[in-house]
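Structural description and commentary
Below are the chains, spelled out letter by letter.
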Amino acid sequence: MRFVKGHGTENDFVILPDPEGELELPTTLVAAMCDRRAGIGADGVLHVVRTKHSPEVADLADDAEWFMDYRNADGSLGEMCGNGTRVFARYLVDMGLALPGEFGVATRAGVKRVRLAETGDVSVEMGRPQVLGRSHTSVSGHEYEGLHVDMGNPHLACVIGDPVTQLDLGRQPAFDPERFPSGVNIELLNPVGPRRVVMRVFERGSGETRSCGTGAVASAVAAAHQAGESTGTWAVEVRGGTVTVTLDEHTSHLAGPAVLVASGELNL
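Let us look at the structure shown here. What you see as residue numbers is a count from 1 along each chain, following the sequence as written. Whole-chain, interface and lining totals are the exception, using all residues; otherwise, since this is a predicted model, local features are given only for residues with pLDDT of at least 70 and side-chain atom pairs are given and counted only at 80 or more. Note that the side-chain values use all heavy atoms of the structure and ignore hydrogens as well as water.

Attention shifts here to the overall build of the chain. Strands here mean DSSP runs of E at least two residues long; helices mean DSSP runs of H or I at least four residues long; both are numbered from the N terminus. Per the secondary structure count, the chain includes 3 helices and 17 strands. In this description the radius of gyration comes from C-alpha coordinates, and the expected globular size is given by 2.2 Å times residues to the power 0.38. Relative to the compact-globule value of 18 Å for 268 residues, the chain shows a C-alpha radius of gyration of 17 Å, a close match. Projected onto its principal axes, the C-alpha positions of the chain cover 50 × 40 × 30 Å. Taken across its 268 residues, the chain has 53% of its residues classed as buried. In this analysis, two residues are considered to be in contact whenever any of their non-hydrogen atoms come within 4.5 Å of each other. Looking at the chain alone, contacts between residues at least 24 apart form 61% of all its contacts between residues at least 6 apart. Areas reported here follow the Shrake-Rupley algorithm with a probe of radius 1.4 Å; residue values treat only the protein chains shown as occluding. Total accessible area computed for the chain in this model is approximately 11,600 Å², and 47% of it derives from carbon and sulfur atoms. When accessible area is computed with a 1.4 Å probe and restricted to protein chains, residues below 20% of their type maximum are described as buried, those above 50% as exposed, and intermediate ones as partly exposed.

In structure tokens:
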């Protein structure tokens, strides 16, 4: 099984090319690939399939040739991954499977439009964030309140006063299972300047990651909400670098670097 390794602000992925959709990916195999000691090591898997060959999204084939079948590090299915979509787009262009410029990528959260800039950055239209109320989390005995933001996947984005750099995210933060029956990605953030925040994230199915694209957008939404705003461009500093989130009245965009770093053959 051939693979490519890539990352977007150190949110890293194993990319599996499978144009005809012939690979079987049981959760145990995905988890083994993502294991950082016994496998390749990654936050998730990007399974590259032609949209027309994937029954769950075949109706999107007219709008996007390729489907990003995203799997979390524990093997569970993911609806959407912002950084994953950007790395997926970089892979398609670098492998000659898509032309540079703008094109669509099919995901379980619909078709996302991506664009590759001359600077090397990749941007993706993330859709309009949906704010669905407030909820709370607990980290190391500290309670934090935040916004429930739907980005095609669920987020709880908390603007907090405690320095996020000092938090222990080595274990799952508590959350309300009635509000989030399928789990939730939890972002904790500090505003550090005009339209600039520092964020850490615990992703369901993966644990703490060094970046999260949908989480960056959810964090920008929460920071904007606290500032009494709903639009604008925000810099989101994550442990793996900085991404840019643009909010307007109709949609949101995520931009940042996406690189491929290795390729090989999987022997698991």
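Only a pair of cysteine sulfur atoms within 2.5 Å counts as a disulfide in this structure description. In this structure the tally under the stated criterion is 0 disulfides. For cysteine 212, which is in no disulfide, the shortest distance to another cysteine sulfur is to cysteine 81 and amounts to 6.5 Å. Cysteine 212 gets classed as buried once you look at its relative accessible area, which sits at 3%.

Counted as salt bridges are all cases of a side-chain nitrogen of Lys or Arg within 4 Å of a carboxyl oxygen of Asp or Glu. Following the criterion strictly, the structure yields 17 salt bridges and no others. Salt-bridge contacts for lysine 5 lead to aspartate 12; the nearest nitrogen and oxygen are separated by 3.3 Å. The same class applies to lysine 5 and to aspartate 12, which are both buried. Via salt bridges that share partners, Lys5, Asp12, Arg36 and Asp43 belong to a single interconnected network.

Glancing now at the side chain of threonine 85. The topology assignment puts threonine 85 in helix α2 (residues 82-94). Overall, threonine 85 belongs to the buried group, its relative accessible area being 0%. Excluding residues that lie within four positions of it along the chain, threonine 85 makes contacts with Met68, Met80, Val105, Thr107, Lys112, Val114 and Val124.

Buried residues dominate strand β3 (residues 44-50), accounting for 6 of its 7 residues. Should DSSP find at least two bridges between two strands, the strands are taken to pair. Bridge count between strand β2 (residues 11-17) and β3: 5 bridges; the pairing is parallel. The residue of β3 that forms the bridge with isoleucine 15 is leucine 46. Seen with its strands pointing away from the viewer, a crossover is right-handed if its path from the first strand over the helix to the second goes clockwise. Taking the sense of rotation as the criterion, the β-α-β connection linking β2, helix α1 (residues 27-34) and β3 turns out right-handed.

The next subject is the packing of aromatic side chains. Ring pairs shown here join Phe, Tyr and Trp side chains whose ring centres sit within 6.5 Å, with only the six-membered ring taken for Trp; geometry is labelled stacked below 30 degrees between planes, edge-to-face above 60, and tilted in between. In total, this model carries 2 aromatic pairs according to the counting rule given. Consider the rings of phenylalanine 13 and tyrosine 70, whose centres lie 6.1 Å apart with planes at 75°: the pair is edge-to-face. On the criterion of sequence distance, the pair formed by phenylalanine 13 in strand β2 and tyrosine 70 in strand β4 (residues 66-72) is long-range, its members being 57 residues apart. As far as burial versus exposure is concerned, phenylalanine 13 and tyrosine 70 are alike and both buried. A ring pair is formed by phenylalanine 175 and phenylalanine 180, whose centres lie 6.3 Å apart and whose planes are at 70°; its orientation type is edge-to-face.

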